[in-house]
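# A look at the structure
For reference, the chains in residue letters:
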Amino acid sequence: MTDVYDRLRTAVEAVAARTGRDRHDAAVVLGSGLSTYAASLTDAIAVPYADIPHFPVPRVEGHAGTLYSVRFGERAVLVLAGRVHAYEGWDLADVVFGVRVAALAGCRTVLLTNAAGGVAADLAPGDLVMISDHLNLAARNPLVGPNDDRLGPRFPDLTDAYDPEVRALGRSAFEAVGVPYREGVYAWMLGPSFETPAEIRMVARLGGDLVGMSTVPEAIALRHLGVAVGGISLVTNLAAGISPTPLSHEEVTETADRARDRIVAVLDRLLPLLAAR
Ligand code: HPA
């Protein structure tokens, strides 16, 4: 078995060969329901994850499994439509494989998007929220194990895990397309069950505004690599106990579909800014 670094290098070479681009400047990961953004891309080069050596292929409904390479002027952006999750049983090395490939392909900035439950009282389904910080409530970390110094340091700093400059660019993109700007703290719960109302009261007391089942391991792996991270959550439902109705995956995907136009508008504005920084 080759080590993670060798597998990453093989995948990075395959991405360069298939896209004809040996360097990408920024990347975005499209979360649950947000993969619809990929449908709006014109002139994108599409590569199924299954064609990239060692790349984990999503199995969950609503998660596509395709890498796109898109040009914005002189810059190139990788769009990763679909991700794999720890709750599916994947090792965290697989969960973060795609964003590590993006980093080793040259991306200096990666935007992570997700569907999330709204915990803060002023959030409503359909809201887009820029992540300001996170709570790792899954108590798992992709950097557990021997450290590979070629990827990053043993003890990476997470003070500004969600890059202030990326957040400022996010604000300008939101405002330019008329989407109210808001920031919030994202709490990672392992899933796959949704939370109990008591767990959501706990998250609220700990300072969490949003709750979801992804993003945090990717953010950690990217900071390890020295990559600037941005995060956008789409609030697809009010969290358990706040919502008057039981939670369902259908509600998540339906809200994502309704928010589609605003997501496309924000990403179309933001991705060129991220690629240029
Ligand atoms: N909890 C956890 N993950 C989620 C939720 C939620 O309420 N909504 C979308 N993803």
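Look above for the structure.
Report follows, based on the coordinates. Just so you know, the residues in each chain are numbered from 1, in the order the chain's sequence is written. Confidence filtering applies because this is a predicted model: local features only for residues at pLDDT of at least 70, side-chain atom pairs given and counted only at 80 or more, and all residues used for totals across whole chains, interfaces and linings. Only hydrogens and water are removed before side-chain values are computed, so all heavy atoms of the structure are retained for them.

### Things to note about the site of the ligand
A115, A116, G117, F194, E195, V211, G212, M213, T236, N237, L247 and V252 make up every residue found near the ligand. Pairs of N or O atoms are called polar contacts if they sit within 3.5 Å, as long as, within protein, a hydrogen donor faces a hydrogen acceptor (for residues adjacent in sequence, only side-chain-to-side-chain pairs). At 3.3 Å from a nitrogen atom of the ligand is found a main-chain nitrogen or oxygen belonging to G117. For the ligand, whose free accessible area comes to 260 Å², the fraction covered by protein is 95%. Grid points spaced at 1 Å over the protein atoms alone were grouped into cavities, where a 1.4 Å probe fits but cannot get out, and pockets, open sets with protein on both sides within 12 Å along at least five of seven lines, with lining residues defined by an atom within 4 Å of a point. To decide whether a molecule occupies a pocket or cavity, check its atoms: if more than half lie within 2 Å of the grid points, it is inside. The cavity that encloses the ligand is the largest pocket. A run of H or I in DSSP counts as a helix once it spans at least four residues, and a run of E counts as a strand once it spans at least two, with each numbered from the N terminus. Those elements that place two or more of their residues in the shell around the ligand are β5 (109–118), β8 (210–212) and β9 (228–238). Classification convention: Asp, Glu, Lys, Arg as charged; Ala, Val, Leu, Ile, Met, Phe, Trp, Tyr, Cys, Pro as nonpolar; all other residues, Gly among them, as polar. In the shell around the ligand, the residues fall into seven nonpolar, four polar and one charged. Nearness is judged by heavy atoms alone; a residue qualifies as near a molecule or strand once a single heavy atom is within 4 Å of it. Note on areas: Shrake-Rupley, 1.4 Å probe, and residue coverage restricted to the protein chains presented here.

### Digging into the packing of helix α5 (residues 164–176) against helix α9 (residues 260–276)
For the pair α5 and α9, interaxial distance at closest approach is 9 Å and the crossing angle is 145 degrees. Note that α5 runs across α9; the crossing there is right-handed. For the pair α5 and α9, the contacting residues are V166, L169, G170, S172, A173, F174 and A176 in the first and V266, R269, L270, L273 and L274 in the second. Comment: axis = line fitted to C-alpha atoms, over the contacting stretch for helices; angle = value between 0 and 180 degrees taken between N-to-C directions. Crossing handedness is read from the near helix: turned anticlockwise from the far helix by less than a right angle, it gives a left-handed crossing, and turned clockwise, a right-handed one. Residues count as neighbours in contact if any of their non-hydrogen atoms are within 4.5 Å of one another.

### Concerning empty space enclosed by the protein
Grid points are joined across faces, edges and corners, and a volume is the space filled by probe spheres set on the points. Inspection of every chain in the model, using the stated rule, returns four cavities of 30 Å³ or more. Approximately 90 Å³ is the volume found for the largest cavity. Taken together, 13 residues form the lining of the largest cavity, with G82, R83, V84, V95 and G98 sitting closest to its centre. Secondary structure elements with two or more residues in the lining of the largest cavity: α3 (92–95) and α4 (97–104). Within the lining of the largest cavity, the residues separate by chemical class into eight nonpolar, two polar and three charged.

### Here we look at the pattern of salt bridges
Throughout this description, the term salt bridge denotes a Lys or Arg side-chain nitrogen within 4 Å of a carboxyl oxygen of Asp or Glu. Under the counting rule described, the total for this entry stands at eleven salt bridges. We note a salt bridge from R18 to D51, for which the minimum N-O separation is 3.0 Å. Of this pair, R18 sits in helix α1 (residues 4–19) while D51 sits in the loop between β2 (45–48) and β3 (66–72), placing them 33 residues apart in sequence. For E165, the salt bridge goes to R277, with nearest N and O atoms at 3.2 Å. Residue E165 is located in helix α5, and its partner R277 is located in the segment after α9; the two are separated by 112 residues in the primary sequence. With a relative accessible area of 44%, E165 lands in the partly exposed category. The buried label goes to any residue with under 20% of its type's maximum accessible area, the exposed label to any with over 50%, and the partly exposed label to all in between, with areas taken from a 1.4 Å probe on protein chains only. On the basis of relative accessibility, which here comes to 21%, the residue R277 falls in the partly exposed class. Linked by salt bridges that have partners in common, D3, D148 and R150 make up one network.

Limitation: the analysis is restricted to geometry and does not speak to function.
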